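Each chain is listed here by its residues.
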Amino acid sequence: WSRGLGDVYKRQNNAEYMGNIQMSGATKAARKLLLAANWKSHGSTKDMTDMVNNTLNKITYDHTKLDFLVQPPSIYLQLVSGLLKNKNTQLCAQNHSYYGTGAYTGEVATSQLKDMGIKWTMIGHSERKSYFNETVDIVANKAKMGVDQGLNVILCLGENFMEKKEDLTFSVLETTLNAVKNKITKQQWDKIVIHYEPVWATGTGKVAYPEEAQEVHQTIREWLHDNISTEVAEKTRIIYGAVSYTHLTLPTILLVQISVVAVSLKNK
């Protein structure tokens, strides 16, 4: 992998780490690998159609070993869903509303995602916090909205550079984890995937080395053990992803992401 593209790929302690692609490791507890390809606010109808027909529909992978999610912009979710031939490739929303249905202009409710057949959603991404001022309380309420509708929720957590420098990483992550804990039941943690996303490594050209990410992952798992349950700590998938491909085109982004699927399964 080229560090010039901001990608890191290394297998250590049964976990995979790569740039803007988030992937969980499978351990002896048999946690299934998960890869989520976030397309952010890139692309057009033509781009989506070309990417699905020319690339996604031509790849194969073992869905018993890997949950592969693609995250187009919300207005293209139904388009991509209709074009996908491999129905094991799942759609994931990049965000959802803090509210339910109603007079909330511009918002997409979790019940509407469910109605579209979407089974996954993501909340708390660093760009939502930076550009749209999303707070910990908003993220926690979105977590509840998602799991209450039966959706699988990717919960993003991460510290900025100053917080890292001041050794506040886990204090920042724990604040969000505690807020979510206060909103959902122990059983609903089955619907949560935790995405460690260091803000200082998002769109900056910097990357977290596997050893750094693994240390944070282990600390999160210990928090789950101490604050939720041993079972939840064992079962919960914790993934990493941070680097933003801001200088690449959508076709290049997708090809990099698809390559990760092939490499990850080859190394299983």
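Before any of the text, the structure's been laid out above.
This structure is a prediction, so every number in the text was calculated from the model and none was measured.

Visitor: Please clarify how the nonpolar core should be interpreted in this entry.
Guide: Burial of nonpolar side chains together is a common tendency in soluble globular proteins. Counting residues in hydrophobic clusters, the biggest one holds 30 residues, and the most contacted among them are Leu155, Leu177, Trp189, Ile192, Ile194, Ile220 and Leu224. Every element with two or more residues in this core is listed here: α5 (136-148), β8 (152-157), α7 (169-181), β9 (192-196), α8 (210-227), α9 (230-235) and β10 (238-240). A total of 5 residues in this core trace back to one element, the largest contributor, which is α8. Excluding anything up to four places from it in sequence, Ile194 contacts Leu155, Leu157, Leu177, Trp189, Ile220, Leu224, Thr236, Arg237, Ile238 and Ile239. In terms of nonpolar packing, the next biggest core, distinct from the first, is built from 21 residues, Leu33, Leu77, Ala93 and Leu113 among them.

Visitor: How should I be thinking about the pattern of salt bridges in this particular structure?
Guide: Close approach of charged atoms allows side chains with opposite charge to pair. Applying the stated criterion across every chain, the model contains 10 salt bridges. Two residues, Glu212 and Lys164, come together in a salt bridge whose shortest N-O distance is 3.1 Å. Taken as a pair, Glu212 in helix α8 and Lys164 in helix α6 (residues 161-165) lie far apart in primary sequence, 48 residues in all. Overall, the relative accessible area of 27% leaves Glu212 in the partly exposed class. For Lys164, a relative accessible area of 30% corresponds to the partly exposed category. Between Glu231 and Lys235 there is a salt bridge; the shortest N-O distance is 3.8 Å. In this pair, Glu231 and Lys235 are both assigned in helix α9, 4 residues apart and thus about one turn of the helix distant. Judged by its relative accessible area of 53%, Glu231 falls in the exposed class. Shared partners join several salt bridges into a network, and the residues in it are Lys32, Asp67 and Arg237.

Visitor: Would you mind showing me how to read the packing of aromatic side chains here?
Guide: Any pair of aromatic rings gets described here by the distance separating the centres and the angle formed by the planes. Taken as a whole and assessed by the stated rule, the structure comprises 5 aromatic pairs. A ring pair is formed by Tyr61 and Phe68, whose centres lie 5.7 Å apart and whose planes are at 85°; its orientation type is edge-to-face. Like Tyr61, the residue Phe68 is buried in the burial classification. Aromatic pair Tyr196 and Tyr240: ring centres 6.1 Å apart, planes at 50°, arrangement tilted. Of this pair, Tyr196 sits in strand β9 while Tyr240 is found in strand β10, placing the two residues 44 residues apart along the sequence. Here a set of aromatic residues connected by ring pairs shows up, and it is made of Tyr98, Tyr99 and Tyr104. The aromatic ring of Phe132 is capped on one face by Arg128, whose charged end is 4.2 Å from the ring centroid.

Visitor: When you look at a nonpolar patch on the surface in this model, what are you seeing that I'm missing?
Guide: Among the surface-exposed residues, Tyr98, Tyr99 and Tyr104 lie close enough to one another that they form a single nonpolar patch of about 270 Å² accessible area. Structurally, Tyr98 is set in the loop between β6 (90-93) and α3 (110-115). Here Tyr98 falls in the partly exposed class, since its relative accessible area comes to 30%.

About the cut-offs
- Residues numbered from 1 in each chain as written.
- Predicted model: local features only at pLDDT ≥ 70, side-chain atom pairs only at ≥ 80, totals over all residues.
- Heavy atoms only, no water.
- Core = buried A, V, L, I, M, F, W, Y, C linked by side-chain atoms within 4.5 Å.
- Buried < 20%, exposed > 50% of the residue type's maximum accessible area, 1.4 Å probe, protein only.
- Helix = DSSP H or I, 4+ residues; strand = E, 2+ residues; numbered from the N terminus.
- Contact = heavy atoms within 4.5 Å.
- Salt bridge = Lys/Arg side-chain N within 4 Å of Asp/Glu carboxyl O.
- Phe/Tyr/Trp six-rings, centres within 6.5 Å; stacked < 30°, edge-to-face > 60°.
- Lys NZ or Arg CZ within 6 Å of the ring centre and 35° of its normal.
- Patch = residues over 30% accessible without salt bridge, like charges linked within 9 Å, V, L, I, M, F, W, Y side chains within 5 Å.
- Areas by Shrake-Rupley, 256 points an atom, 1.4 Å probe, with all protein chains shown as cover.

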